[in-house]
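Summary of the model geometry
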Amino acid sequence: MHEVLLVEDDEMIREATRLALEASGYAVRTAADGATGLDLFRAHRPDVAVLDIMLPGLNGVSLAGRIREESRVPVLLISARNDPVDVVMGLEAGADDYVTKPFDGTVLAARIRCLLRRAAPAAPRSARLRFGDLDFCPVSLTAHRSGRALSLTTTELRLLQEFTASPGTVLTRDLLLERVWDYAWTGDTRVVDVHIRRLRAKIGHERIETVRGFGYKLRP
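Remember, it's a predicted structure, so these values are computed and weren't measured experimentally.

Further remarks concern the pairing of strand β4 (residues 75–79). Buried residues dominate β4, accounting for 5 of its 5 residues. On β4, burial covers both faces: Val75, Leu77 and Ser79 on one face and Leu76 and Ile78 on the other are all buried. Judged from the 4 bridges that link them, strand β3 (residues 48–52) and β4 form a sheet pairing that is parallel. Within β4, the residue paired with Val50 across the bridge is Leu76. Relative to strand β5 (residues 97–100), β4 is paired through 4 bridges, and the arrangement is parallel.

Shown next as C-alpha cells:
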C-alpha cells in the first residue's frame, strides 16, 4: 500500500481528501501546517506528498522545495487559485504536478497513480547514450555533463528518457504530457514548459531546442 502525505490546513478539505484517498487504497498521513508536514515527511518518507499551497508558516511552495532538496519523492500541489504565478513558483520549487480546488477525490487519486507510475523504475531501452557533453544511461538512469554527475528529479529523468529515445524528433507538449505525466486527457502545458526550463538549466540550454508552434526536440 502506497503512503501519501497530505498537508492541508482546512480541516474539512483535509478530512474529505483523506477519506477519498483511503477509499482508493492509499494509506494517508495528514498535517495542518507546513512545519508539521516536513517533520512527518522526514520521519516516515511517504511515497507521494500532496501539499496545499496556502499553508500557515511554511507554505506549500517552500515545503515542496525543502522536500525536493532531500528526496525525489513525487510532489503534487493543491492550489485554491489557478494563478500562473502560484503554479510556476511551485513547479520551479520542484513540484511535479498540481491540481486546483475544487477537485474530485477520484481525480486526485488518479493523478497520484500517474505520479507513482512515473516514479517506478523504467525498463532499460539501450546502452549509454552520448550527445555532445551530455551522457545518459537509461539502464542506471544516470546523467553526466562534461563528466559531472547531474542531480535530476524523476520528472526530469522521464523527460530526458523521451528526448534521448528520439533525438532530433519534435515532441509536442501534448505528447510529453501523455508519455511523461501519463495524462490520457489534455493537461496544462505550463507543467511541460517549466520542467523543460529546469532540465535545460542542468543539461545545457542549447541541448533542447524549441520548435515554435510545435514543441521541443533534443539536438543530436
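So, about the pattern of salt bridges. Evaluation of the coordinates by the stated rule reveals 18 salt bridges. When the shortest N-O distance is used, the salt bridge between Arg197 and Glu92 registers 2.7 Å. Here Glu92 lies in helix α4 (residues 84–92) and Arg197 lies in helix α8 (residues 190–203), a separation of 105 residues in the sequence. A salt bridge links Asp133 to Arg207; its shortest N-O distance comes to 3.6 Å. With Asp133 in the loop between β6 (129–131) and β7 (134–137) and Arg207 in the loop between α8 and β11 (208–211), this pair connects stretches of sequence that are 74 residues apart. Residue classification places Arg207 among the buried positions, given a relative accessible area of 10%. One network of salt bridges, with partners in common, ties together Glu8, Asp52 and Lys101.

One ladder, built from 4 bridges, connects β7 with strand β8 (residues 142–145); its direction is antiparallel. Opposite Asp135, over in β8, you have His144 as the bridge partner. Following β7, the chain reverses through 4 residues before pairing antiparallel with β8; Leu141 in that reversal takes a positive phi of roughly 55 degrees. Relative to strand β9 (residues 148–149), β8 is paired through 2 bridges, and the arrangement is antiparallel. Of the residues in β9, the one forming a bridge with His144 is Ala149. Between β8 and the antiparallel strand that follows it, β9, lie 2 residues; Ser146 among them carries a positive phi value of about 55 degrees.

Within helix α2 (residues 34–44), the full set of buried residues consists of Gly34, Gly37, Leu38 and Phe41. Around the axis of α2, the buried residues are gathered within 100 degrees of arc, so they sit on the same side. On its buried side, α2 packs onto β1 (3–7), β2 (27–31) and α3 (60–70). Measuring from the side-chain oxygen of the N-cap residue of α2 to the backbone nitrogen of Ala35 gives 3.2 Å; that N-cap residue is Asp33. The positive-phi residue at the C-terminal boundary of α2 is Arg45, with phi of around 45 degrees.

Turning next to the confidence of the model for the chain. Scored by pLDDT, the chain has a mean of 88; 93% of the residues are at 70 or more. Of all secondary-structure elements in the chain, the lowest mean pLDDT belongs to α4, at 80, while β1 reaches the highest, 97.

Cut-offs used in this document
Counting from 1, residues in each chain are numbered in the order their sequence is written. Predicted model: local features are reported for residues with pLDDT of at least 70 only, side-chain atom pairs are reported and counted for 80 or more only, and whole-chain, interface and lining totals are derived from all residues. Heavy atoms from the whole structure form the basis of all side-chain values; hydrogens and water molecules are not counted. Accessible area is worked out with a 1.4 Å probe on protein chains only. A residue is then buried under 20% of its type maximum, exposed over 50%, and partly exposed in between. Put simply, DSSP marks the helices as runs of H or I at least four residues long and the strands as runs of E at least two long, and each gets a number from the N terminus on. For two strands to count as paired, DSSP must find a minimum of two bridges between them. A pair is scored as a salt bridge if a Lys or Arg side-chain nitrogen falls within 4 Å of a carboxyl oxygen belonging to Asp or Glu. As used here, the arc belongs to the directions running from the helix axis to the C-beta atoms. Residue contacts follow a heavy-atom distance rule, with two residues in contact if any of their heavy atoms lie within 4.5 Å. The definition of a polar contact used here is a pair of N or O atoms within 3.5 Å, where within protein one atom must be able to donate a hydrogen and the other to accept one, and adjacent residues in sequence count solely through side-chain atom pairs. The pLDDT value expresses, per residue, how confident the predictor is, ranging between 0 and 100.

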